[in-house]
Amino acid sequence: MTDLGGDSERDRAWQGTLNTWRPPHQPGHWASPAVWDVLKLAAEDPALRRLFPWTSMNELHVSATGDFGDYTAEPFPAIAASTGGFVVMTHPWGPDHVVLETTDPAAALACMVRLLEDHAGRTTP
């Protein structure tokens, strides 16, 4: 994917994130290819495209507001990517909150979206 085709603030955020992680990757950067694999899929997903993306080292996070300084107010799941695969974590992120480990970026993304949808279902009246 090279152009998301939108001009909203979220679309620009997705395009910027994709541009940051787009190949070619620096030699020896262990996470970049895996992060790129999951980002390509995430940018195509309607549920995720309604949110702002942000990355931290080797993790994909999303935010409803785009205010990444206070991510504790938005307890969304995240995906960590590495040469060994992908880990989906619930918030607060970390090894104690892993819900899926897989080598398939599509499976990791589907799990993240399902967790987002479950979260949205709990927060709406």
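Here the structure is a predicted model, which is why all the values come from computation and not from measurement.

1. Quick notes on unusual backbone geometry
Across the junction of P23 and P24, the peptide omega takes the value 10°, indicating a cis bond. Going from H91 to P92, the amide bond is cis rather than trans, its omega being -5°. Take P92: it is sitting in the loop between β4 (85–89) and β5 (98–102).

2. Details of the pattern of salt bridges
Working definition: two side chains of opposite charge can pair if their charged atoms are close together. In the structure shown here, the tally under the stated rule is two salt bridges. Linking R49 and D11 is a salt bridge whose minimum nitrogen-to-oxygen distance equals 2.2 Å. Note that R49 is positioned in helix α3 (residues 46–49) and D11 in helix α1 (residues 9–21), a separation of 38 residues in sequence.

3. Observations regarding the pairing of β4
In terms of burial, β4 is a largely internal element, four of the five residues being buried. Pairing geometry for strand β3 (residues 78–82) and β4, over five bridges, is antiparallel. For A78, the partnering residue across the bridge sits in β4 and is M89. The antiparallel pairing of β3 with β4 creates a hairpin that spans two residues between the two strands. As paired elements, β4 and β5 share four bridges and run antiparallel to each other. Residue pairing in the sheet places F86 in a bridge with T102 of β5.

4. Section: α1
In a regular helix each residue adds 1.5 Å, so 13 residues correspond to 18 Å; α1 covers 19 Å between its end C-alpha atoms and thus fits that length. Those residues of α1 that fall on the buried side of the exposure criterion are D11, W14, Q15, T17, L18 and W21. For α1, the angular spread of buried residues about the axis comes to 160°, placing them on one side. Seen from the buried face of α1, the exposed residues on the opposite side, beyond 90 degrees, are E9, R12 and T20. Packed against the buried residues of α1 are α2 (32–42), α3 and β1 (52–56).

Calculation rules
- Residues numbered from 1 in each chain as written.
- Predicted model: local features only at pLDDT ≥ 70, side-chain atom pairs only at ≥ 80, totals over all residues.
- Heavy atoms only, no water.
- Helix = DSSP H or I, 4+ residues; strand = E, 2+ residues; numbered from the N terminus.
- Salt bridge = Lys/Arg side-chain N within 4 Å of Asp/Glu carboxyl O.
- Buried < 20%, exposed > 50% of the residue type's maximum accessible area, 1.4 Å probe, protein only.
- Pairing = 2+ DSSP bridges.
- Expected span 1.5 Å × (residues − 1).
- Arc of directions from axis to C-beta.
- Contact = heavy atoms within 4.5 Å.

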